[in-house]
Amino acid sequence: MTNREHEIYDVVGIGFGPSNLSLSIALEERAFDEPERALSNHFFERQPRFGWHRDMLLPSATMQISFLKDLVTFRNPTSSFSFISFLHAVGRLPQFVNNQDFFPTRREFHQYLEWAQARVAARVSYGSAVTSLRLASTGAASDRLQLAVADVTGQGCRRVEARNVVISTGLVPKMLDGVVSDERVWHSSEFLQKFRGMDPRELRRVAVVGAGQSAAEITRFLYDELPQAEVCAIIPSYGYSIADATPFANQIFDPRAVDHYYFGSEQTREAFWRYHRNTNYAVVDDEVIRDLYRRAYDDEVRGTDRLRFLNLTRVDGVKRAGAETRVHLQGGPGGEQAEIDVDALVCATGYDSMEPTELLRDLDEHCLRDEAGRLRMERDYRVVTTPDVPCGIYLQGGTEHTHGLSSSLLSNIAVRSGEIVDSIVARGAGGDYQRSLYAGAAGLR
Ligand SMILES: Cc1cc2nc3c(=O)[nH]c(=O)nc-3n(C[C@H](O)[C@H](O)[C@H](O)COP(=O)(O)OP(=O)(O)OC[C@H]3O[C@@H](n4cnc5c(N)ncnc54)[C@H](O)[C@@H]3O)c2cc1C
């Protein structure tokens, strides 16, 4: 099915983070179970090697989901690609169990992801950015899409064709309005690389903007790593708010919650966000909050003022000149304006959802949108297209409006990948996975 001269695949994945890694494993396991229905596939990743938020692998940062929500277990609990199989393979299973913790460090989870990707790496091209997608031929309806894939080292461009593409290009870092990142102003997504590029002695005063998990983790890290520095946490709220990880609230990340969201009324979907946004957005794990408070309190006991919380405060502007960075602040309990000079400013200001519009620009007229301009989605994560496009364009991420809160998270990737593979297989066989699986459910959007 695959020809090196003229590459044609049943499935091409764009981006190779955990979502498409999970998909590649689902494809591999399907091929093992049903070799006669194996789907040829290949994945393109622009990073030179596998990496999952590498610049946020802070030493003590832990996962925010159970290790059992790994790449496979919720889809196939007997898979050899599970986190438990990884622990067994590296000889750490008893020690992990003795540790009695559902939440490994992000560093350990990264080791697991690297171990898993090494087993499917033959079907991944790293250093390869997909730059555009279009129908493989104009005129008569084509059953294939053509992708342009650029070598990120500038060594040319490759064209491949796919019957189905699965876009999973990840969250998009969001900076403060009007502020651009440079060697002294960093977004949290580039934190470790920028931090390591500095001489720590030059960092006498640093500030972190934001009130979410990354902001709190970076504040704690800087306080510990820079024992001489003053660390200012600029937070818009009065204090960090806790992430609700309690069992009932956590059910919104269960696989079946996707159906409740997708088939729910507008009111239902709104309730998900209104009541449960605090499970993930602009909130911080209990343990990190307590850790930071303990440090601030110890400072008070010692009579030092090294960790400062500028609460109810927003950044109004940033002025840069050489090594100097002046941050204009607005707010504080008195609502006054102020300025601070810092040696580095970290904007832990979050991310926007995955946005495939740029990749889909040449298919714009074929991809249908709702009144708000968002892509219309089938339940099986397929973009709703005009009838003249028989190819499948699937999204892993960027579907918060149709599939709910877990869209950009790891919680559901095992099940979602399985659903996408089932859908591709059913469509290839002339069936409709969507209708067979969800027959009887409310109308599809
Ligand atoms: C610091 C941090 C910690 C997190 N921790 C958790 C957690 O504990 N639990 C949880 O559920 N969620 C967590 N998240 C949410 C996060 O979205 C998911 O963990 C996860 O990254 C989603 O995987 P993904 O494969 O969809 O996206 P990503 O991991 O972002 O992978 C997307 C990949 O696509 C590549 N790419 C982008 N554009 C192109 C292109 N044009 N061509 C080729 N490749 C491209 C990127 O280089 C990237 O490698 C965290 C997020 C952050 C920022």
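Keep in mind that what you see is a predicted model, and the values were worked out from it rather than measured. Here the residue numbering is sequential within each chain, running from 1 through the sequence in written order. Per-residue local features are limited, in this predicted model, to residues with pLDDT of at least 70; the limit for side-chain atom pairs, both in listing and counting, is 80 or more; totals at the level of whole chains, interfaces and linings are taken over all residues. Working from all heavy atoms in the structure, the side-chain values ignore hydrogens and water.

Draft legend 1. Focus on the site of the ligand. Being near a molecule or strand, for a residue, means having at least one of its heavy atoms within 4 Å of it. The local shell around the ligand holds 29 residues, among which Ser19, Glu45, Gln64, Ser408 and Leu410 are the closest. Polar contacts, as used here, are pairs of N or O atoms within 3.5 Å; protein pairs need one atom able to donate a hydrogen and one able to accept it. Residues neighboring in sequence count only if both atoms are side-chain atoms. Contact between the ligand and Arg46: a nitrogen atom at 3.2 Å from a main-chain N or O atom of the residue. One of the backbone N or O atoms of Ser408 is found 2.7 Å from an oxygen atom in the ligand. To be clear on the numbers: accessible area is Shrake-Rupley with a 1.4 Å probe, and residue cover counts the displayed protein chains and nothing else. For the ligand, the accessible surface in isolation is 990 Å², of which the surrounding protein chains cover 91%. Helical segments are the DSSP runs of H or I of at least four residues, strand segments are the runs of E of at least two, and each set is numbered from the N terminus. Of all the secondary-structure elements, those providing two or more residues to the shell around the ligand are helix H1 (18-33) and strand E4 (128-135). Ranked by residue count, the leading element in the shell around the ligand is E4, at three residues.

Draft legend 2. Inspection of H1 at higher detail. Here H1 contains 16 residues, and its C-alpha end-to-end distance of 22 Å stays within 8% of the 22 Å for a straight helix at 1.5 Å per residue. Think of it in three bands: with a 1.4 Å probe and only protein chains considered, a residue is buried below 20% of the maximum accessible area for its type, exposed above 50%, and partly exposed in between. Pro18, Ser19, Asn20, Leu21, Ser22, Leu23, Ser24, Ile25, Ala26, Leu27, Glu29 and Arg30 are the residues of H1 that are buried. For a helix, the expected span equals 1.5 Å multiplied by the residue count minus one.

Draft legend 3. Representation of the sheet that holds strand E15 (residues 344-347) in the model. Sheet architecture is open: five strands sit in the order E8-E15-E9-E10-E11, paired in parallel fashion. A strand with exactly one partner marks an edge of an open sheet, and here the two such strands are strand E8 (185-187) and strand E11 (307-310). On average, each strand axis in the sheet is tilted by 20 degrees relative to the strand beside it, whichever way the strands run. Along the sheet, helix H6 (residues 213-225) makes contact with strand E9 (205-209), strand E10 (230-234), E11 and E15, crossing E9 at roughly 165 degrees. Note: two strands are recorded as paired if DSSP finds a minimum of 2 bridges between them. Only C-alpha atoms enter the line fits that serve as axes; for helices the fit covers just the stretch in contact. Angles between N-to-C directions range over 0 to 180 degrees. Contact between two residues is taken to exist if any of their heavy atoms lie within 4.5 Å; hydrogens are not considered.

Draft legend 4. Focus on the sheet that holds strand E12 (residues 313-321). What the three strands build is an open sheet, ordered E12-E13-E14; its pairing is antiparallel. Among the strands making up the open sheet, the edge pair consists of E12 and strand E14 (336-342). Taking the axes of each pair of neighbouring strands and ignoring which way they run, one obtains an average angle of 20 degrees across the sheet. Bridge analysis of strand E13 (residues 324-331) against E14 gives seven bridges, and the strand direction is antiparallel. Each bridged residue has a counterpart across the sheet, and for Thr325 the counterpart in E14 is Val342.

Draft legend 5. Quick look at the domain arrangement of the protein chain. Domain annotation for the protein chain reports domain 1 (7-171 + 353-443), domain 2 (174-243 + 281-351) and domain 3 (247-279). The C-alpha centroid of domain 3 is placed 32 Å from the C-alpha centroid of domain 2. Across the boundary between the two partners, domain 2 contributes four residues, which contact four residues of domain 3. Buried area adds together the accessible area that both of two parts lose upon being put together, with accessible area traced by a 1.4 Å probe. At the boundary of domain 2 with domain 3, total buried surface from both sides reaches about 330 Å², with 60% on carbon and sulfur atoms. The largest share of the area that domain 2 buries against domain 3 comes from Ala243, Tyr281 and Val283, three residues that together contribute 94% of it. Across the domain 2-domain 3 interface, the total number found is one residue pair in polar contact (both at pLDDT 80 or more). Just so you know the grouping, Ala, Val, Leu, Ile, Met, Phe, Trp, Tyr, Cys and Pro go in nonpolar, Asp, Glu, Lys and Arg go in charged, and all remaining residues, Gly too, go in polar. For the side of domain 2 that touches domain 3, the residue count by class is four nonpolar, no polar and no charged. Residue ranges for the domains originate in an automatic or database domain assignment.

Draft legend 6. Summary view of the packing of aromatic side chains. Centres within 6.5 Å make a pair out of two Phe, Tyr or Trp rings, where for Trp the six-membered ring is used; the pair is then stacked when the planes are under 30 degrees apart, edge-to-face when over 60, and tilted otherwise. Scanning the model with the defined rule gives 24 aromatic pairs in all. Judged by centre distance (5.7 Å) and plane angle (45 degrees), the rings of Phe83 and Phe86 are tilted. Of this pair, Phe83 and Phe86 both sit in helix H2 (residues 83-89), separated by three residues, roughly a single helical turn. Each member of the pair, Phe83 as well as Phe86, is classed as buried. Plain terms: the ring middles of Phe83 and Phe96 are 5.4 Å apart, the flat faces sit at 70 degrees to each other, and that makes the pair edge-to-face.

Draft legend 7. How the structure looks around the nonpolar core. Leu21 and Leu71 are the most contacted members of the largest nonpolar core, which totals 38 residues. Of all elements in the fold, only H1, H2, helix H4 (106-118) and helix H12 (413-428) reach the threshold of two or more residues within this core. If near-sequence neighbours (up to four positions away) are discounted, Leu21 is found in contact with Phe16, Phe50, Leu71, Leu113, Ala116, Gln117 and Val120. Think of a nonpolar core as a cluster: buried Ala, Val, Leu, Ile, Met, Phe, Trp, Tyr and Cys residues, connected wherever their side-chain atoms sit within 4.5 Å. Met198, Phe221, Tyr223 and Ala344 belong to the second largest nonpolar core, which has 32 residues in total.

Draft legend 8. Quick look at the pattern of salt bridges. Salt bridge criterion: a side-chain nitrogen from Lys or Arg within 4 Å of a carboxyl oxygen from Asp or Glu. Throughout the structure, instances matching the rule amount to 38 salt bridges. Across the pair Arg106 and Glu217 runs a salt bridge whose closest N-O atoms are separated by 2.8 Å. With Arg106 in helix H4 and Glu217 in helix H6, the pair connects residues that are 111 residues apart, well separated along the chain. Arg106 gets classed as buried once you look at its relative accessible area, which sits at 8%. For Glu183, the salt bridge goes to Arg320, with nearest N and O atoms at 3.2 Å. Here Glu183 is found in the loop between strand E7 (172-173) and E8, whereas its partner Arg320 is found in strand E12, with 137 residues between them in sequence. In the salt-bridge network here, residues are joined through shared partners; they are Arg220, Asp224, Glu287, Asp291, Arg294 and Arg295.

Draft legend 9. Quick look at the packing of helix H8 (residues 255-262) against helix H9 (residues 266-276). The geometry of H8 relative to H9 is characterised by a closest axis approach of 8 Å and an angle of 130 degrees between their N-to-C directions. As judged from the angle between their axes, H8 and H9 are oblique. Listed contacts from H9 to Ala257, His260, Tyr261 and Tyr262 of H8 are Thr268, Arg269, Phe272 and Trp273. A breakdown of the residues in the contact of H8 with H9 according to their chemical character gives five nonpolar, two polar and one charged. Oblique is the label for any angle not under 35 degrees, not over 145, and not in the 65 to 115 range, which are roughly parallel, roughly antiparallel and roughly perpendicular in turn.

Draft legend 10. Representation of H6 within the structure. Helix length check: H6, at 13 residues, gives a terminal C-alpha distance of 18 Å against a target of 18 Å (1.5 Å per residue), a fit within 8%. Counting buried positions over the 13 residues of H6 gives 10, a clear majority of the element. Considered for burial, the residues of H6 that qualify are Gln213, Ala215, Ala216, Glu217, Ile218, Thr219, Arg220, Phe221, Leu222 and Tyr223.

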